[in-house]
Amino acid sequence: MLTLDQAETSTPNYSLLNDSIKETFTSLDRFEWQAIDELLQMRDSELYLAAGYTNFKEYCQAELLAWGGLRRINQLLGAKRVIDTVGELGQHIKNERQARPLLRLVKEPDKLREAVAIALQENPSPSASDFATAAQKVVPRQPRPRIKAPSQEPMVPKNQEPLVPQSARVTVTSLDHPRYGEEGTIEADPPNPTQQIVTFADGEKLLLNNADLNISTSPLERTYPPGYAEALAALEQQYQQKIERLEQELRIGLQSEANAKAEQQVQEQLATLQQLFDQQKQQNIQLQQRLDEMEAFKQFKYENQQLKQRIQELENAVQEHPAQQWGNTLTKQATKALNKGVKQALDKTIDLRSLAVEPPKENAQECLRLMGIALGNLATAMNNTQALQAAAVLLGSEPTPSAIAYRAEQLQLLPQAVSDIRAVLSKPGRTWQDYLDVAREYEVIEQDYLAQLTPQEVELITALEKAAQPKTITVGSIVAHNDPYFALYNARGEVIQDLGDDVWVAWDHWKDRTEKSFRHSKDELRLLSD
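Within every chain, residues take consecutive numbers counted from 1 along the sequence as written. For a predicted model such as this one, the threshold for reporting local features is a pLDDT of at least 70, and the threshold for listing and counting side-chain atom pairs is 80 or more; totals across whole chains, interfaces and linings nevertheless cover every residue. As a rule here, side-chain values come from all non-hydrogen atoms in the structure, and water together with hydrogens is ignored.

Per an unreviewed UniProt entry, the protein carries the name ATPase involved in DNA repair and comes from Anabaena azotica FACHB-119.

J.: Quick question: what am I supposed to make of empty space enclosed by the protein here?
T.: One way to see where empty space is left: roll a probe the size of a water molecule over the atoms. A 1.4 Å probe that fits but cannot get out identifies a cavity on a 1 Å grid over protein atoms alone, an open set with protein on both sides within 12 Å along at least five of seven lines counts as a pocket, and a residue lines either if it has an atom within 4 Å of a point. Grid points are joined across faces, edges and corners, and a volume is the space filled by probe spheres set on the points. One pass over the full model with this rule turns up two cavities of 30 Å³ or more. A volume near 50 Å³ is recorded for the second largest cavity. What lines the second largest cavity is Arg71, Asn74, His177, Pro178, Arg179, Glu204 and Leu206. Residues were grouped as follows: Ala, Val, Leu, Ile, Met, Phe, Trp, Tyr, Cys and Pro as nonpolar; Asp, Glu, Lys and Arg as charged; and all remaining residues, including Gly, as polar. Looking at side-chain class alone, the lining of the second largest cavity contains two nonpolar, two polar and three charged residues.

J.: Would you explain unusual backbone geometry in this entry?
T.: Note: most peptide bonds trans; most residues except glycine with negative phi. Although it is not a glycine, Glu46 adopts a positive phi angle of roughly 55°. Helix and strand assignments follow DSSP, with helices taken as H or I runs no shorter than four residues and strands as E runs no shorter than two, numbered in order from the N terminus. By secondary structure assignment, the location of Glu46 is in the loop between helix H2 (14-45) and helix H3 (56-63). Burial status follows relative accessibility: with a 1.4 Å probe on protein chains alone, a residue under 20% of its type maximum counts as buried, one over 50% as exposed, and anything between as partly exposed. Given a relative accessible area of 42%, Glu46 falls into the partly exposed group.

J.: Help me understand the packing of H3 against helix H4 (residues 69-86), please; the structure alone is not making it clear to me.
T.: When two helices pack together, their arrangement is given by the angle between the helix axes and by the axis-to-axis distance. Two numbers describe how H3 lies on H4: the axes approach to 7 Å, and their chain directions differ by 115°. The orientation of H3 relative to H4 falls into the category roughly perpendicular. Contact with H3, carried on its side by Phe56, Lys57, Cys60 and Gln61, involves Gly69, Leu70 and Ile73 of H4 and no other residues of that element. Residue classes in the contact of H3 with H4 are distributed as four nonpolar, two polar and one charged. Axes, fitted as lines to C-alpha atoms, cover a helix only where it is in contact. Angles between the N-to-C directions of the axes lie from 0 to 180 degrees. Throughout, the term roughly parallel applies to angles under 35 degrees, roughly antiparallel to angles over 145, roughly perpendicular to angles from 65 to 115, and oblique to all others. Any pair of residues with heavy atoms lying within 4.5 Å of one another is described as a contacting pair.

J.: What am I meant to see in the pattern of salt bridges here?
T.: Note that side chains of opposite charge can pair when their charged atoms are close. Just to be clear on terms, a salt bridge is a Lys or Arg side-chain nitrogen sitting within 4 Å of an Asp or Glu carboxyl oxygen. Counted by the stated rule, this structure contains 15 salt bridges. A salt bridge links Glu122 to Lys137; the nearest nitrogen and oxygen atoms lie 2.4 Å apart. Here Lys137 lies in helix H7 (residues 128-138) and Glu122 lies in helix H6 (residues 109-122), a separation of 15 residues in the sequence.

As structure tokens, then:
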């Protein structure tokens, strides 16, 4: 514990002060047990007789009144009974407050030990509330009967007083009362209808509730005139009908509230299911588009493989036959065979004659790119400069084999790029940043996938870009002054002319004046809305 000298010289820190407080309370609990032992010695040895007191109660009321008198002494002795009954587990009960809720179990040692064990199991250092909870679990306390207050004055004659029998014997039945199990006598009129003044064998008089007593000799009942019994029965029936009506109204109200709540939950679930259905439908549409694109790409890849296989067969045929067998007709025959194979491959993919008669209405740009790729492959196989130039024009690249091959590899990404861009644009809540994250991956073919998009999708991309740009003060903007100490800070005006760094503003509160607009710098103004 901290001493007075230490407290005067310096201010203790938290740890020292906390330890000192705990040590002080521990000392108080130890002194309390010491006082119990001394009280037992005073009572059992009857040492109070030396001071002229006739009994232990008189000694307690005279000498120990400042510390609670006989009531406090009975509480301490009750705690001692709990400690002695519980045995080894008593070391976990630190003071009388913790033993108080266990006092009602002292006549049942097994249940008392069980309650202490439960409290220790839930908390190694139990408090008084822990012991009370454990005692309630072992032996639940029955609720006291509620006494309904009469709604009107009792119908008792004014000249008739409540009768209390003399020498009525009662027993304390409340388990948490220090006098539990002891008998006493009612020797005086009750101060009120719900309590009695009980005198015990040691001479102490206590005011106890009727619910805490077991009256062995029932008090005389009050007598009422014959008409009063009928009136009481009628009132009781009236109140019973009123209670039944209120219970029925309460049931109807609760049922209506439950129905409304259930209906609201069903509506919310239906809305959620409809939203999920719409999302699933949109995803199915997107997946179908992807499948169609992948099927077209797969068909094109298959046709390209057939064309390459045919070229390889022709090259093998040229290598297998000696040059003397072909003579001067080698180039012509190879060219004829190659042109025939290319024509067959192109006929399967694109009908050039139909394109000459009528241009394709759908996906015309893709058809031209496929023609360019086919011409590029043909120019590479035949080393034809004119075909190479035609392929370069269709593909939009340099007329070199490497440039055309690189351009063809780029265009293979086009279906995937269009699909990814459309997936971003179809999402709810899309932003310009979402579009940029996907567009950067296909930056080299930006013009190609923009040509594949619909005008509505291009306008949506433009709108996202505009929304992402910082707002500036332009003609039509609603502004106010930027200086909070200026008179126009809370005013509202519209920009009617933009002069670059300056603007002309028409202020709303000056509409009735001859000079309605004034020139301001843009730095002086703040933007309210467009």
